[in-house]
Amino acid sequence: MLIGLIGKPNAGKSTFFSASTLVDVAIANYPFTTIEPNKGITYVRVNCACKELKVTCKPNNSKCENGIRLIPIATLDVAGLVPGAHTGKGLGNKFLDDLRNADALIQVVDVSGTTDEEGKESTSYDPAKEIVFLENEIVEWTAGIIRRAWSKVKGGNRESLISLLTGLGIKKEHVEIAINQSYLTSENINWSDGDILLFSKKIREIAKPIIIAANKVDLPKSQENIEKLRKDFPNKIIYPCYAEGELALRKANEKKLIRYTPGDPDFEVIDKSMAEKQVMALGFIRNLMKRYGSTGVQEVINNAVFKQLNLIVVYPVEDENKYTNNFGAVLPDAHLIQQGSTALDLAAKIHSDLAKHFIFAVDAKNKMRVGKDYKLKNGDVIKIIAGKGE
């Protein structure tokens with residue numbers, strides 16, 4: 001699974017990436033700071049099952065901080081996008097190629113309006129324009145790929161289009177849904193250019209959902225612009241975001257100056273001997289967190305994973321009574337799996353042999369036996385029982 005960070009130059013993408021991954025990247029106040037994509041690991045946040053079960057867990061594939069499970073997700077910060085990117089302007093073609101494997105997109109928007117569409121200084125740029133032009137660029141990029149391969153697609157059936165688009169990380173079911181929702185339901189594909197654009201828009205909405213991180217809420221016009229964006233785009237998910245503040249908090253936590261878990265509404269000062277400048281900076285961040293509930297960074301990531309991609313968390317164990325694996329580690333692994341997945345799907349995710357020789361599973365919370373078609377619930381703790389292979 002991969003989350004792509006997108007946006008125009010100088011919107012704060014690299015700061016958001018660094019804040020969410022603690023990977024040091026070039027952060028500067030000029031366009032195209034990012035040229036090669038930055039890769040890192042961020043985390044989604046959930047209440048760990050250890051809280052409910054009143055046990056002390058020993059995570060293996062994730063982390064647990066005071067009952068908060070942090071599960072890793074791959075993240076990619078790509079080069080900034082400018083209008084006309086699909087024609088090659090700026091670093092556009094590279095940007096669009098870099099994000100083709102992303103499952104969900106977080107658009108970091110400069111909600112302060114202090115930079116224009118190319119990332120240059122401005123006094124009153126409308127951030128709504130960022131949202132519109134970026135989506136248009138992705139749609140035009142997709143449409144361009146279809147047009148260039150049109151001789152192979154035109155007159156063919158859906159399979160010819162599916163074959164083309166799987167190279168963009170688009171699933172077969174997404175193509176089917178986009179065709180149906182675009183009312184392009186004839187058996188053969190014989191579309192007009194308008195049909196191609198309509199389909200490209202739908203496939204973007206379905207296969208590459210975008211969450212808006214309304215960044216730079218510490219600047220004067222941000223709140224006014226956030227309210228305007230919510231009126232302009234009532235169907236979009238827009239989170240107020242202070243990536244620079246989140247980065248400061250995570251670095252302060254790393255240095256043990258404060259105690260902070262990503263997504264917390266506040267932090268605890270540990271080092272009482274901090275310089276006055278540091279104390280004032282933390283006080284400024286705290287005031288913004290009180291206004292918005294948090295820095296917004298973790299909420300954006302969680303929304304991408306749990307709302308847009310419809311994933312849930314499941315804990316596989318070997319011992320349903322002690323909630324341990326074969327080595328005695330309590331709740332060692334937390335797996336992200338598609339909502340609607342079954343016990344058999346979980347077995348396959350763990351190991352193909354478990355699925356091949358699946359007999360039944362046990363819901364460790366209530367000790368009940370469940371079958372292969374049992375639909376997993378968020379937070380389930382599951383033991384898989386499988387026969388021995390030949």
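The preceding data block contains the structure.
Summary of the structure given here. (Residues numbered from 1 in each chain as written. Predicted model: local features only at pLDDT ≥ 70, side-chain atom pairs only at ≥ 80, totals over all residues. Heavy atoms only, no water.)

What about the packing of aromatic side chains?
(1) Moving on: Summed over the entire model, instances satisfying the criterion amount to three aromatic pairs.
(2) Moving on: Both rings, one in Trp-191 and one in Phe-199, keep their centres 5.2 Å apart while their planes meet at 45°; by these two values the pair is tilted. An identical accessibility class is assigned to Trp-191 and Phe-199; each is buried.
(3) Moving on: With a centroid separation of 6.3 Å and an interplanar angle of 80°, the aromatic rings of Tyr-242 and Phe-284 are classed as edge-to-face. Residue Tyr-242 is found in the loop between β7 (238–240) and α10 (243–254), and its partner Phe-284 is found in helix α11 (residues 276–292); the two are separated by 42 residues along the sequence. (Phe/Tyr/Trp six-rings, centres within 6.5 Å; stacked < 30°, edge-to-face > 60°. Buried < 20%, exposed > 50% of the residue type's maximum accessible area, 1.4 Å probe, protein only. Helix = DSSP H or I, 4+ residues; strand = E, 2+ residues; numbered from the N terminus.)

Some remarks on the side chain of Glu-246
(1) Moving on: In this fold, Glu-246 is placed in helix α10.
(2) Moving on: Within the structure, the side chain of Glu-246 is placed 2.7 Å from the side chain of Tyr-260, a separation counted as a polar contact.
(3) Moving on: Ignoring anything within four residues of it in the chain, the contact list for Glu-246 reads Ala-19, Tyr-260, Pro-262, Thr-295 and Val-297. (Polar contact = N/O pair within 3.5 Å; in protein donor to acceptor, adjacent residues only side chain to side chain. Contact = heavy atoms within 4.5 Å.)

A short note on helix α6 (residues 158–165)
(1) Moving on: Of the positions making up α6, those classed as buried are Arg-158, Ser-160, Leu-161, Ile-162 and Leu-165.
(2) Moving on: Summarising the contacts, the buried residues of α6 are in contact with α4 (128–148), α5 (150–153), α7 (172–181) and α8 (193–207).

Some points on the nonpolar core
(1) Moving on: Residues Leu-161, Val-175, Trp-191 and Phe-199 are the most contacted members of the largest nonpolar core, which totals 57 residues.
(2) Moving on: Top contributing element to this core by residue count: α4, with nine residues.
(3) Moving on: Here Val-175 is in contact with Leu-161, Ile-162, Leu-165, Ile-170, Phe-199 and Ile-203, once residues within four sequence places are set aside.
(4) Moving on: Counting residues in hydrophobic clusters, the runner-up holds 38 residues, among them Leu-5, Phe-17, Val-313 and Ala-334. (Core = buried A, V, L, I, M, F, W, Y, C linked by side-chain atoms within 4.5 Å.)

Thoughts on the pattern of salt bridges
(1) Moving on: Across all of its chains, the model carries 19 salt bridges by this definition.
(2) Moving on: Put simply, Asp-126 and Lys-228 hold a salt bridge, and the shortest N to O gap is 3.2 Å. A residue pair is termed long-range when its members are at least 10 positions apart, and Asp-126 in the loop between β5 (104–110) and α4 and Lys-228 in helix α9 (residues 222–232) qualify at 102 residues.
(3) Moving on: The class for Asp-126 is partly exposed, based on a relative accessible area of 24%.
(4) Moving on: What makes Lys-228 partly exposed here is its relative accessible area of 35%.
(5) Moving on: Between Arg-147 and Asp-193 there is a salt bridge, and its shortest N-O distance comes to 2.7 Å. (Salt bridge = Lys/Arg side-chain N within 4 Å of Asp/Glu carboxyl O.)

A word on the pairing of strand β12 (residues 358–363)
(1) Moving on: With five of six residues buried, β12 is to be regarded as a mostly interior element.
(2) Moving on: Across five bridges, β12 lies against strand β14 (residues 381–386) in antiparallel orientation. Looking across to β14, one finds that Asp-363 is bridged to Ile-382.
(3) Moving on: Two strands pair when backbone bridges link them, and β12 and strand β13 (residues 368–370) are joined in this way by three bridges, in the antiparallel orientation. (Pairing = 2+ DSSP bridges.)

Notes on the packing of α10 against α11
(1) Moving on: Interaxial distance between α10 and α11 falls to 10 Å at its minimum, and their mutual angle equals 125°. As far as their axial angle goes, α11 and α10 are oblique. In the packing of α10 onto α11, the handedness of the crossing is left-handed. Residues Gly-245, Ala-248 and Leu-249 of α10 pack against Leu-282, Ile-285 and Met-289 of α11.
(2) Moving on: Here the residues of the contact of α10 with α11 are counted per class, giving five nonpolar, one polar and no charged. (Axes fitted to C-alpha atoms, helices over the stretch in contact; angles between N-to-C directions. Parallel < 35°, antiparallel > 145°, perpendicular 65-115°, else oblique. Left-handed = near helix turned anticlockwise from the far one by under 90°. Nonpolar A, V, L, I, M, F, W, Y, C, P; charged D, E, K, R; others polar.)

Looking at α11
(1) Moving on: In this model, α11 (17 residues) spans 25 Å end to end at C-alpha, consistent with the 24 Å of a helix rising 1.5 Å per residue.
(2) Moving on: Within α11, the full set of buried residues consists of Leu-282, Ile-285, Leu-288 and Met-289. One side of α11 carries all its buried residues, which in axial view fall inside an arc of 120°. Opposite the buried face of α11, at more than 90 degrees from it, the exposed residues are Glu-276, Met-280, Asn-287, Lys-290 and Arg-291. (Expected span 1.5 Å × (residues − 1). Arc of directions from axis to C-beta.)

Overview of the environment of Thr-123
(1) Moving on: You can see Thr-123 is positioned in the loop between β5 and α4.
(2) Moving on: Relative accessible area serves as the criterion here: at 66%, Thr-123 is assigned to the exposed category.
(3) Moving on: With ten residues separating them along the chain, Thr-123 and Gly-113 place their C-alpha atoms 6.6 Å apart.
(4) Moving on: With near-sequence residues (within four places) excluded, Thr-123 lies in contact with Gly-113 and Lys-221.

Scope: geometric values only; no functional claims are made or implied.
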